[in-house]
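# Coordinate inspection notes
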Amino acid sequence: KLSEGERQEEAMAVPGMEAKLLLRRAFTELHTAQLTARVVCGSWCPTMDLLALVTDDSQLSIHRLDWQKLWTASLDSPVTAMCWRPDGKVLATGHENGAIALYNVERCEMMQHVSLHPPGVPIVNLAWVDATPSGQAHTNFRKLFQYRYSRFFSRPPHNPNPKAAAMAAAGADLDITGSAPANEWPAPPEVLGLLVSCDAHGSVRLSAFGLKQLAALSSSPPTRRLDGSNRHLEPGTEGSSKGGQQQQQNMQIKSHLSHDLQYLVTTHCFGASVGQGGLSCVVRNMGAVHSQQQPLLQLSVLSWTLKEMLELATLGVAAASKEWSGAQQEVSKRHRQMVNTLEDHDPSATDPAGELACMLAAGHVSPGMHAFLTGTLTEHGLRRMAKMVDSAVQAVH
């Protein structure tokens, strides 16, 4: 009978067994779980023991390493790509309809829903890179940014009105940092975060924090056929149009931006038939982005803050308009009731406004006005109308 060590030594003599034993020692199965739906894609958080899973029943879920489910979100469109922000606080998902969604993992909610690519073109790859601008200019910019915002302007309320909040279903007031107090301006981000997204047509987008598009690149490889002669199909030749369509349908694309924002590497794998298709790699020099990190960070933050303020102002104006319209309708309704009641008691009454002013100034109440106040308006109706008018004035203010 051989011992465990002797069995391993005997196995090491068999070709290929050494690598298998090393893998067996290196990897240990921690948990096994049975899901009710097939997993479409998944991604590990780079900083925490969190796993994002998407299943074919249109559910996005976040699990811990011990398989504890933290939260689940229902998806309107199937997820075709996903990635984490490097700090692990935000999850980006690319969808079949060409949209990109950003989820705040700590708050368990969708922060923003953006459309950077043409509608209907699936997102096939997402990659997030954070680069830290260095130098005294960055420090001076942070001081100037905080001075302009926190000292002269107060942050608008996130939800000017509960009804208006429903209009912001996509999360209009997004905090770029991912965690903002309710009534305070968020601290300016320390880094310029760039989200690289690719769609099925070979288009690549660079967006600041996944929100503000900075660049749009076309990375479609040339139409070609790899047979024994490695000939390229020129436009107009036989099979070039059909081959290009097949390659576009079967093409897989991935893009990665270096951490110093100096180079963008895009790879294409197209064609699924034997003897056709190929692999291409395009490296772009992103020197302009690399050298202008601090201005890009500044413009991105300022433009998104301005966008947030404009959207909140739009929501506030819409809510105030609705409040004012409701108060105006209530006052007009009560005015018509007053006129009708006065005419019923005195057909010769021709100045309802003057009679109302006389009552307010001198306290003289005519029989018709008394009937209106006690029988039609009542104390409850008066309080309701006053509350609506006061609410409308506050909303406009």
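Since this is a predicted model, take the numbers as computed values, not measurements. (Residues numbered from 1 in each chain as written. Predicted model: local features only at pLDDT ≥ 70, side-chain atom pairs only at ≥ 80, totals over all residues. Heavy atoms only, no water.)

## Re the overall build of the chain
- When you go through the chain residue by residue, the secondary structure sums to nine helices and 15 strands.
- Put simply, the chain has 397 residues, and 38% of those count as buried.
- In the chain, the share of contacts with a sequence separation of at least 24, taken over all contacts with a separation of at least 6, comes to 54%.
- On the chain, roughly 23,100 Å² of surface is accessible, and the fraction owed to carbon and sulfur atoms is 55%. (Helix = DSSP H or I, 4+ residues; strand = E, 2+ residues; numbered from the N terminus. Buried < 20%, exposed > 50% of the residue type's maximum accessible area, 1.4 Å probe, protein only. Contact = heavy atoms within 4.5 Å. Areas by Shrake-Rupley, 256 points an atom, 1.4 Å probe, with all protein chains shown as cover.)

## Regarding helix H9 (residues 367-396)
- For H9, with 30 residues, the first-to-last C-alpha span of 37 Å runs short of the 44 Å given by 1.5 Å per residue.
- At leucine 377, H9 shows its largest kink, close to 75°.
- Regarding H9, the residues found buried are Gly368, Met369, Phe372, Leu377, Gly381, Met385 and Ala392.
- At its buried positions, H9 is contacted by helix H7 (293-345) and helix H8 (352-362). (Expected span 1.5 Å × (residues − 1). Bend = angle between axes of the 7 residues up to and from the residue.)

## Points about the sheet that holds strand E1 (residues 39-44)
- In spatial order, the strands read E1-E2-E3-E4; together these four strands make up an open sheet with antiparallel pairing. Each of the sheet's edge strands pairs with one partner strand only, and the pair in question is E1 and strand E4 (69-74). Adjacent strand axes in the sheet meet at a mean angle of 15°, parallel and antiparallel pairs treated alike.
- Pairing of E1 with strand E2 (residues 50-55), which is carried by five bridges, proceeds in the antiparallel orientation. Each residue of the ladder has a partner; that of glycine 42, found in E2, is leucine 53. (Pairing = 2+ DSSP bridges. Axes fitted to C-alpha atoms, helices over the stretch in contact; angles between N-to-C directions.)

## A word on the pattern of salt bridges
- This structure, assessed with the given rule, holds seven salt bridges.
- Note that arginine 334 and glutamate 330 form a salt bridge whose closest N and O atoms lie 3.2 Å from each other. Taken as a pair, arginine 334 and glutamate 330 lie in helix H7 at a separation of four residues, close to a single helical turn. There is no split in this pair, since arginine 334 and glutamate 330 are both buried.
- Through salt bridges that share partners, Glu330, Arg334 and Arg384 make up one connected network. (Salt bridge = Lys/Arg side-chain N within 4 Å of Asp/Glu carboxyl O.)

## Brief notes about the pairing of strand E6 (residues 90-95)
- Burial of E6 is extensive: six of the six residues sit out of reach of the surface.
- The two faces of E6 match: Val90, Ala92 and Gly94 on one face and Leu91, Thr93 and His95 on the other face are all buried.
- Examined bridge by bridge, strand E5 (residues 79-84) and E6 share five bridges and lie antiparallel to one another. Bridging from a neighbouring strand, tryptophan 84 pairs with leucine 91 of E6.
- From the end of E5 to the start of E6, which pair antiparallel, there are five residues, and glycine 88 there has a positive phi angle of about 75°.
- In this sheet, strand E7 (residues 100-104) lies alongside E6 in antiparallel orientation, the contact comprising five bridges.

## As for the confidence of the model for the chain
- Of the residues in the chain, 68% have a pLDDT of 70 or more, and the chain-wide mean is 75.
- Within the model, the stretch residues 159-180 combines pLDDT values under 50 with 49 contacts to residues more than four positions away or in other chains.
- Confidence drops under pLDDT 50 across residues 222-249; counting only partners more than four residues distant or on other chains, this segment forms 30 contacts. (pLDDT = per-residue confidence, 0-100.)

## Quick notes on the pairing of E7
- Of all five residues in E7, five are buried; the element is thus mostly enclosed.
- A two-sided burial pattern is seen for E7, the buried positions comprising Ile100, Leu102 and Asn104 on one face and Ala101 and Tyr103 on the other.
- Across five bridges, E7 lies against strand E8 (residues 109-114) in antiparallel orientation. Bridge assignment links isoleucine 100 to a residue of E8, and that residue is valine 114.

## Some points on a nonpolar patch on the surface
- A cluster of nonpolar side chains, namely Trp324, Val331, Val389, Val393 and Val396, defines an oily patch on the protein surface of about 400 Å² accessible area.
- Every element with two or more residues in the nonpolar patch is listed here: H7 and H9.
- The element best represented in the nonpolar patch is H9, accounting for three residues.
- If you trace the backbone, valine 331 turns up in helix H7.
- Residue valine 331 is classed as partly exposed on the basis of its relative accessible area, which comes to 37%. (Patch = residues over 30% accessible without salt bridge, like charges linked within 9 Å, V, L, I, M, F, W, Y side chains within 5 Å.)

## Quick look at the side chain of serine 300
- With respect to the helices and strands, serine 300 occurs in helix H7.
- For serine 300, a relative accessible area of 2% translates into the label buried.
- A distance of 2.7 Å separates a polar atom in the side chain of serine 300 from the backbone oxygen of leucine 296.
- Ignoring any residue separated from it by four or fewer positions in sequence, one finds serine 300 in contact with Leu192, Ala208, Phe209 and Leu214. (Polar contact = N/O pair within 3.5 Å; in protein donor to acceptor, adjacent residues only side chain to side chain.)

## So, the side chain of glutamine 262
- The residue glutamine 262 is located in the loop between strand E13 (252-257) and strand E14 (263-270) in this model.
- Setting aside residues no more than four positions away along its own chain, glutamine 262 makes contact with Arg284, Asn285, Met286, Gly287 and His290.

## Some points on unusual backbone geometry
- Positive phi, normally seen in glycine, also occurs at tryptophan 67, with a value near 75°.
- Positive phi, close to 60°, is recorded for cysteine 108, a residue that is not glycine.

## What about the nonpolar core?
- By size, the foremost hydrophobic cluster in this structure holds 35 residues, and its most contacted members are Ile100, Leu126, Leu257 and Leu261.
- Residue contributions to this core peak at six residues, all from strand E9 (residues 123-131).
- By size, the runner-up hydrophobic cluster in this structure holds 17 residues, among which are Ala52, Leu75, Trp84 and Leu91. (Core = buried A, V, L, I, M, F, W, Y, C linked by side-chain atoms within 4.5 Å.)

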